[in-house]
Amino acid sequence: MSEYGAVPFALMIVIVIYIVVGEYFKSIHFHLIHETSFGIIIGMLVGLLLKWMDENAYAQFFSLNATIFFYLLLPLIIFSGGYNLKKKQFLKNFKYIVSFGFLSTLINFIITLTLTIAFNSWKLVRLGTDLDSHLPLSYDEMIKYSATICATDSVAALNLIPSQQYPKLFSVVFGEGMVNDAVSIIIFQAVTILQKSGKSFEWYTPFEFIGRFLENCIISLLIGLFVGLFSTWCFKKCRFLTNSTTTETVFAFLMAYMGYSICEMLNLSGVISLLMIGIMMSHYQGYNISQLGRVTTRVTFESLSLGAEAFLYVFLGFAMWNQTTYYSPLTQDLYYVEVSWVFALLQLGVVILARYLSIYIVYWISVAIQGPKVWKLTKYEMTICCFAGMVRGSVAFALIETLVASPTDGIQINQINILQSCVLYIVVVTTLIFGTAMPFFINIQIKKQQEEEERKSISEIPTPVLNDSPKKKELSEAQKIIKYMDEHYFKRWFIYDYENRKERITQEKKQIKTETLQEIYEKAFSEASEDESVKQRNEDFISLPSIEEKPTSPLIVKMQELSQQI
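Residues numbered from 1 in each chain as written. Predicted model: local features only at pLDDT ≥ 70, side-chain atom pairs only at ≥ 80, totals over all residues. Heavy atoms only, no water.

Some remarks on the overall build of the protein chain
Stage number 1. The helix and strand inventory of the protein chain stands at 21 helices and two strands.
Stage number 2. In the protein chain, which comprises 566 residues, the share counted as buried stands at 50%.
Stage number 3. A fraction of 81% describes how many contacts in the protein chain between residues 6 or more apart in sequence connect residues 24 or more apart. (Helix = DSSP H or I, 4+ residues; strand = E, 2+ residues; numbered from the N terminus. Buried < 20%, exposed > 50% of the residue type's maximum accessible area, 1.4 Å probe, protein only. Contact = heavy atoms within 4.5 Å.)

Re the packing of aromatic side chains
Stage number 1. A complete count under the given rule lists 31 aromatic pairs for this structure.
Stage number 2. Between Y145 and F343 the ring centres are 5.9 Å apart and the planes differ by 50°, which places this aromatic pair in the tilted class. Taken together, the residues Y145 in helix α7 (residues 139–148) and F343 in helix α14 (residues 341–370) connect sequence positions 198 residues apart. Residue Y145 shares its accessibility class with F343, and that shared class is buried.
Stage number 3. Judged by centre distance (6.4 Å) and plane angle (65°), the ring pair of Y484 and Y489 falls under edge-to-face.
Stage number 4. Clustering of aromatic rings is evident, with ring pairs tying together Y96, F100, Y356, Y360, Y363, W364 and W375.
Stage number 5. Here R239 stacks its cationic end above the ring of Y496, 4.0 Å away from the centre of that ring. (Phe/Tyr/Trp six-rings, centres within 6.5 Å; stacked < 30°, edge-to-face > 60°. Lys NZ or Arg CZ within 6 Å of the ring centre and 35° of its normal.)

Side note on the nonpolar core
The tendency in soluble globular proteins is for nonpolar side chains to be buried as a group.
Stage number 1. Core analysis: the largest hydrophobic core is formed by 112 residues, its most contacted members being L74, Y145 and I187.
Stage number 2. Setting aside chain neighbours within four positions, we find I187 in contact with T105, L106, F109, A147, F209 and F213.
Stage number 3. Among the nonpolar cores identified, the runner-up in size contains 26 residues, and F100, I359, M382 and I442 belong to it. (Core = buried A, V, L, I, M, F, W, Y, C linked by side-chain atoms within 4.5 Å.)

Quick word on α14
Stage number 1. Under the 1.5 Å per step criterion, the end-to-end length of α14 is 44 Å for 30 residues, consistent within 8% with the ideal 44 Å.
Stage number 2. Taken together, the buried positions of α14 are F343, A344, Q347, V350, V351, A354, R355, S358, I359, V362 and S366. (Expected span 1.5 Å × (residues − 1).)

Digging into the packing of helix α6 (residues 94–121) against helix α9 (residues 167–196)
The packing of two helices is summarised by the inter-axis angle and the distance between the axes.
Stage number 1. Running from N to C, α6 and α9 point in directions that differ by 40°, and their axes come no closer than 8 Å. The angle between α6 and α9 places the two elements in the oblique class. Once α6 is placed against α9, the crossing between them reads as right-handed. Residues Y96, I97, F100, G101, F102, T105, L106 and F109 of α6 pack against S171, V172, G175, E176, V179, N180, V183, S184 and I187 of α9.
Stage number 2. Across the contact of α6 with α9, the residue classes tally to ten nonpolar, six polar and one charged. (Axes fitted to C-alpha atoms, helices over the stretch in contact; angles between N-to-C directions. Parallel < 35°, antiparallel > 145°, perpendicular 65-115°, else oblique. Left-handed = near helix turned anticlockwise from the far one by under 90°. Nonpolar A, V, L, I, M, F, W, Y, C, P; charged D, E, K, R; others polar.)

Dropping the structure here:
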């Protein structure tokens with residue numbers, strides 16, 4: 001037991017180092033290596049040392065990771081993401097988020113599955129470095145693998161995209177990452193359920209799969225909606241729950257975890273349910289708890305999410321050296337197995353190809369149906385979305401780790417280990433390479449977009465349109481209906497004393513918006529002041545309230561656009 005305990009002890013030490021170094025990198029604006037890449041690298045180094053010290057204890061520790069991930073770490077990350085979501089931007093860019101997160105993921109799955117079956121039929125699944133050997137994969141394993149490798153990881157990109165300066169791009173990347181993880185898990189679960197039913201493949205099987213997929217999505221959303229609103233209603237009716245910020249925080253988290261557990265128990269998507277619970281709590285429940293409780297819950301959930309993410313990245317580095325061994329919990333024996341380097345390299349190319357194709361196929365479909373003018377994402381934002389989605393993360397690794405081989409079936413052990421090692425290597429390589437290149441790539445694309453916006457602003461300065469404030473975009477009929485129902489019914493039903501507090505709530509929202517705009521303006525002005533000519537043009541525009549009153553410059557135009565987006 002003492003030898004086994006050395007592994008988690010070392011893991012905690014490395015996580016602390018990861019958090020400290022990550023914050024230090026942020027404070028000095030060091031982007032040569034991203035903190036996630038640093039966590040994986042330091043995890044790999046310490047993991048190699050632990051494996052050298054006690055290989056058996058090392059292998060035993062990493063046989064538990066899938067359970068820990070799905071029932072402890074993943075709920076913390078997803079719930080924090082939903083609870084702290086910028087709802088206005090999420091709804092405004094809902095079309096892009098659903099298109100990339102839902103439709104693009106399905107296309108990615110189809111492309112990956114097709115190429116994986118082709119590689120298997122061409123006998124490209126080689127064992128180790130022996131190019132003459134071939135280990136065929138079953139269709140069940142290839143389908144599950146294809147569903148797994150579709151799960152992206154946008155954490156690195158989100159840390160590098162200024163959310164206040166580029167709210168649309170940030171919300172699209174964030175929302176697509178959340179929906180993508182949920183869709184990947186649902187595809188994996190739907191495939192698993194169909195395989196357990198023992199039915200042979202028929203002409204109607206794809207339609208049955210789509211039906212189960214939609215059923216899973218809809219029921220999970222409804223469960224999340226019910227649990228989130230029920231928690232909000234409890235705080236509205238049971239006001240004694242707001243006497244303590246500790247009670248508010250714990251009650252909210254337990255209600256969210258209860259919704260997640262219900263879905264997992266029913267073989268539904270706990271991720272979608274948890275995301276919906278977080279959104280509902282943030283939208284309504286925040287007005288039913290104390291002002292200190294709002295701050296406490298957000299900080300607590302963000303802190304738990306940070307700890308979970310730190311654990312995951314370090315854990316991936318630790319697990320890097322565990323792919324050549326297989327520990328059987330039944331026999332408590334350690335087996336040495338092979339990996340397929342050829343298959344892993346081919347799949348790395350598939351990840352890149354499938355990502356670009358899936359994104360642009362969705363774009364072409366949208367343009368063909370609605371026309372190019374309706375699509376508002378720029379080519380630079382599209383490129384960033386493509387690049388950010390090429391990184392594979394912890395969801396893919398955890399899903400593939402749920403595959404378990406029979407302890408007496410040596411062929412199946414090798415088959416599953418090939419898939420598991422392939423996913424882990426892709427996760428590590430894409431995080432290290434694309435994660436490291438991410439800040440340079442995003443900065444280049446953002447700079448190009450800024451230069452293009454500046455050229456357009458300068459060319460449009462003589463027109464009288466720039467002297468006016470940007471017109472507020474008209475809401476669609478669906479958005480108008482939702483807003484009307486929210487203001488006249490839902491808020492009255494679920495927010496405590498809404499009729500008497502409505503004016504105060506509105507003032508609080510305006511104050512938050514003003515403070516956010518002031519922060520953005522001060523940052524933009526300090527950056528623009530480095531250029532003397534820009535400084536001369538804007539030296540009189542020091543305070544935010546005067547933005548709309550002063551003559552228009554490219555900087556002010558940008559600020560006016562941001563005021564409409566927040």
